[in-house]
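# Chains, contacts and geometry: an overview
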Amino acid sequence: MLKVGAGCVCSSHVKAVYLLIRTKQGQSSQQRIHTMLQSKLFDRLRDETPDFHRKIIPVSSELTQPGLALSDEDVQTLTQHVHIIFHCAATIRFDEPLKHALQLNVIATHQLLSLAQQMQQLHAFIHISTAYANCNRRHIDEVIYPPPVEPSKLIHSLEWMDDAIVRDITPKLIGDWPNTYTYTKALAECVVQQESGNLNVGIIRPSIVGASWQEPFPGWIDNFNGPSGVFIAAGKGILRTMRASNDAVADLIPVDVVINLTLAAGWYTAVHRPKSALVYNCTTGGINPFHWGEIEHHVMSTFKRNPLEQAFRRPNANITSNYLINQYWILVSHKFPALLYDLFLRLSGQKPQMMRIFNRLHKAIGLLEYFSSQDWEWNSDNMNMLMNQLSTEDRKMFNFDVRQLNWPEYIENYCIGTKKYVLNEDMADIPAARQHLRKLRNIRYTFNTVLLVFIWRVFIARSQMARNIWYFVVSLCFKFLSYFRASSTLTN
Ligand SMILES: CCCCCCCCCCCCCCCCCCCC(=O)SCCNC(=O)CCNC(=O)[C@H](O)C(C)(C)COP(=O)(O)OP(=O)(O)OC[C@H]1O[C@@H](n2cnc3c(N)ncnc32)[C@H](O)[C@@H]1OP(=O)(O)O
Ligand SMILES: NC(=O)C1=CN([C@@H]2O[C@H](COP(=O)(O)OP(=O)(O)OC[C@H]3O[C@@H](n4cnc5c(N)ncnc54)[C@H](OP(=O)(O)O)[C@@H]3O)[C@@H](O)[C@H]2O)C=CC1
């Protein structure tokens, strides 16, 4: 097997990895792969196998097009040479319009299965689903559940409807599912089951994919998805409050664990040819649970020790499951400072931007809260079974034993990973970032003092009772002072 990015010694046994990839932002598939392989992620592999890139063969493909927009020659090459398919392309946006999500996650999966049926040497078809495909259930077994609707019926019904009608009926259609993403992933599992025929199929269901744990190095992350954006917003001092349950299990799974399990499942499916599709819930909660409250603590502690550059405020975020408390803090800690900052920008002749940033943040957080406010229980028997099938050497090479995961260390590396690889900040600049936080603290002290004096002055000027309290407090202070002075003179 070839572990791209991990520098696996067995890579010499792999003849080629055909990577279906679309053209994007004016870059061809080849150019995109070339850029991707320059990443630091592949440094180790580049050292160990300098010409590994020769084995990565780009195949131009677009999920929204008939036949996945594959050329005839590419279809021929793929049908002749491919042994294992790993199908992970999808839209993962929670706000994707239903028609589009259906096209990318369901219809494209169907098309890939049709192509797989033509492959002469195919040993295994591995489909990447999500642990939340069945998030309408509290306990989730490693089975494919009946779909909320027959996928083909839905596809045909939506075909003739214009986008506005589909948008209006989407909440009714998705019912118990929180978004079109999880809903279409549930339908995709059903399509895999219905259309797999004689193929040997495995379905991997990762929970919330986070930064790498060990391979190729700890803390690798390159996007804002899932918790990463939340961590960054909290580290920048922008996010101060979020609805999440302290005691709910945070089912994060490191990306390298998902990759290792996926590769191992590819091997098992090809060699053991299970009669029906085997589902692997790739989760941590049932094996080595960690909670959102603990995550909050470790994220805050890491960013206080390793601050992000140019923070808006000092990092100090709290989670709460109480709607009203959250709304209160949104008003006091998000909207009020944003308003003040935008006022400052306007007065200094610049374009206000903070309120816009907060509105986008609230939209994103609003979409994530469903997942951070409740618990699920996933059965992971197949993950354990697979581990027991591996030799001692393979178990180390394709490690997905999350019992060994040390969460505080993992979260620290994750946060530092967002700093280094998502924000491209230099660790050498941490002293300057700390200095910036000290400046923010002084601004806050000054602001609070001015505000307090101002409020007090307004109050004293208007109320006799406030004046009386003020004189009483001042005279009390004087009395204490004279008492201490007198008693210290006596003891001397
Ligand atoms: C209180 C602090 C302490 C922390 C403790 C508590 C933490 C709780 C965290 C809870 C996290 C729970 C996460 C659960 C997720 C479970 C999901 C199930 C798992 C899966 O199967 S799939 C993967 C999940 N999918 C996603 O995460 C995608 C979600 N994203 C979206 O749907 C859209 O991006 C979104 C949020 C609707 C925004 O859309 P839009 O406004 O159109 O913006 P763009 O996507 O086009 O992005 C524009 C630009 O912004 C960057 N970006 C995106 N998100 C963020 C972000 N959160 N923060 C900062 N920046 C962000 C994006 O990269 C784009 O940048 P470009 O440079 O490319 O333009
Ligand atoms: N991230 C997570 O927390 C979890 C993810 N998953 C699953 O893992 C898989 C990978 O997700 P992840 O890596 O996080 O998400 P990404 O968005 O990074 O990956 C999705 C891939 O699909 C490709 N793709 C999307 N639209 C098209 C299209 N029209 N034509 C061709 N290719 C397309 C994207 O290509 P391009 O680079 O061109 O945009 C991208 O490479 C998905 O199936 C997802 O459901 C499951 C559980 C959790």
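Residues numbered from 1 in each chain as written. Chains lettered and ligands numbered in written order. Predicted model: local features only at pLDDT ≥ 70, side-chain atom pairs only at ≥ 80, totals over all residues. Heavy atoms only, no water.

As named in an unreviewed UniProt entry, the protein chain is Fatty acyl-CoA reductase, taken from Tachysurus vachellii. As recorded by UniProt, the Subcellular location (unreviewed entry) comment attached to the protein chain reads in full: "Peroxisome membrane". Under Sequence similarities (unreviewed entry), UniProt gives the following word-for-word description of the protein chain: "Belongs to the fatty acyl-CoA reductase family." (UniProt positions renumbered as here; feature names shortened; annotations may be inferred.)

Let us now look at the site of ligand 2. Taken together, 20 residues form the shell around ligand 2, and within it Arg-22, Lys-24, Arg-32, Glu-62 and Tyr-181 come nearest. Taking 870 Å² as the accessible area of ligand 2 by itself, protein coverage stands at 74%. Of all elements in the fold, only α7 (180–195) and β7 (208–210) reach the threshold of two or more residues within the shell around ligand 2. Of the residues belonging to the shell around ligand 2, the class tally is eleven nonpolar, four polar and five charged. (Near = heavy atom within 4 Å. Areas by Shrake-Rupley, 256 points an atom, 1.4 Å probe, with all protein chains shown as cover. Helix = DSSP H or I, 4+ residues; strand = E, 2+ residues; numbered from the N terminus. Nonpolar A, V, L, I, M, F, W, Y, C, P; charged D, E, K, R; others polar.)

Turning to the nonpolar core, a few remarks are in order. Counting 103 residues, the largest nonpolar core has Leu-252, Ile-295, Phe-400, Tyr-410 and Ile-411 as its most contacted members. No other element matches helix α4 (residues 98–118), which puts nine residues into this core. If we skip the residues at most four places from it in the chain, Tyr-410 touches Gly-210, Ala-211, Ser-212, Trp-213, Leu-252, Ile-253, Pro-254 and Leu-405. In terms of nonpolar packing, the next biggest core, distinct from the first, is built from eleven residues, Ile-21, Leu-45, Ile-56 and Tyr-421 among them. (Core = buried A, V, L, I, M, F, W, Y, C linked by side-chain atoms within 4.5 Å. Buried < 20%, exposed > 50% of the residue type's maximum accessible area, 1.4 Å probe, protein only. Contact = heavy atoms within 4.5 Å.)

What follows concerns unusual backbone geometry. Following Glu-215, the chain continues to Pro-216 via a peptide bond in cis, the omega torsion being -5 degrees. In this fold, Pro-216 is placed in the loop between β7 and α8 (227–235). Backbone geometry places Leu-68, a non-glycine residue, at a positive phi of 55 degrees. By the secondary structure assignment, Leu-68 is in the loop between β2 (56–60) and α3 (72–81). Since its relative accessible area comes to 3%, Leu-68 is described here as buried. Even without being glycine, Asn-424 reaches a positive phi, approximately 55 degrees.

Another aspect to go through is the packing of aromatic side chains. If you walk through the whole model with that rule in mind, you get 25 aromatic pairs. On the numbers, 5.0 Å between centres and 75 degrees between planes, the contact of Tyr-328 with Trp-329 is edge-to-face. With a centroid separation of 5.5 Å and an interplanar angle of 65 degrees, the aromatic rings of Trp-456 and Trp-470 are classed as edge-to-face. Residue Trp-456 is located in helix α16 (residues 430–462), and its partner Trp-470 is located in helix α17 (residues 464–491); the two are separated by 14 residues in the primary sequence. Looking at Trp-470, the relative accessible area reads 37%, which means it is partly exposed. A network of ring pairs unites the aromatic residues Phe-94, Tyr-132, Tyr-181, Tyr-370, Phe-371, Trp-376 and Trp-378 as a single cluster. (Phe/Tyr/Trp six-rings, centres within 6.5 Å; stacked < 30°, edge-to-face > 60°.)

This brings us to the sheet that holds strand β4 (residues 124–128). Whenever strands of a sheet pair, they do so through backbone hydrogen bonds, lying parallel or antiparallel. If you walk across this open sheet you meet the four strands as β3-β4-β6-β10, and the pairing is parallel. Every other strand in the sheet has two partners, leaving β3 (84–87) and β10 (278–282) as the edge strands with one partner each. For this sheet, the mean angle separating the axes of adjacent strands, direction not counted, is 15 degrees. Judged from the four bridges that link them, β4 and strand β6 (residues 201–206) form a sheet pairing that is parallel. (Pairing = 2+ DSSP bridges. Axes fitted to C-alpha atoms, helices over the stretch in contact; angles between N-to-C directions.)

In this section: the site of ligand 1. Residues in close proximity to ligand 1 total 28 residues, the closest being Arg-93, Phe-94, Thr-130, Tyr-181 and Gly-226. Between ligand 1 and Arg-93, the relevant distance is 2.8 Å, taken from an oxygen atom to a side-chain nitrogen or oxygen of the residue. Separating an oxygen atom of ligand 1 from a backbone N or O atom of Phe-94 is a distance of 2.9 Å. About the coverage of ligand 1: the protein hides 73% of its 1,400 Å² of free accessible area. Residues of the shell around ligand 1, tallied by class, amount to 17 nonpolar, six polar and five charged. (Polar contact = N/O pair within 3.5 Å; in protein donor to acceptor, adjacent residues only side chain to side chain.)

Below, the discussion takes up helix α6 (residues 163–174). Taking 1.5 Å of rise per residue, twelve residues should cover 16 Å, and α6 covers 16 Å from first to last C-alpha, within 8% of that figure. Of the positions making up α6, those classed as buried are Val-166, Thr-170 and Ile-174. Viewed end-on, α6 has its buried residues packed into an arc of 65 degrees, placing them on one side of the element. Exposed and oriented more than 90 degrees from the buried face of α6 are Asp-168, Pro-171 and Lys-172. In the core, the buried residues of α6 are packed alongside α4, α5 (151–159) and α7. Looking at where α6 begins, the residue whose side-chain oxygen comes 3.1 Å from the main-chain nitrogen of Ala-164 is Asp-162. One or two positions beyond α6, positive phi appears at Gly-175, with a value near 55 degrees. (Expected span 1.5 Å × (residues − 1). Arc of directions from axis to C-beta.)

Our next topic: the environment of Phe-459. Topologically, Phe-459 is positioned in helix α16. What makes Phe-459 partly exposed here is its relative accessible area of 48%. For the pair Phe-459 and Pro-337, spaced 122 residues apart in sequence, the C-alpha to C-alpha distance is 23 Å.

Once that is clear, we can look at a nonpolar patch on the surface. Together, Phe-336, Leu-340, Leu-343, Leu-347, Phe-447, Leu-451, Phe-454, Ile-455 and Val-458 give the surface a local cluster of nonpolar side chains, amounting to about 860 Å² of exposed area. Of all the elements in the fold, those that place two or more residues in the nonpolar patch are α11 (323–347) and α16. By the secondary structure assignment, Leu-451 is in helix α16. With relative accessibility at 38%, the residue Leu-451 sits in the partly exposed group. (Patch = residues over 30% accessible without salt bridge, like charges linked within 9 Å, V, L, I, M, F, W, Y side chains within 5 Å. Salt bridge = Lys/Arg side-chain N within 4 Å of Asp/Glu carboxyl O.)

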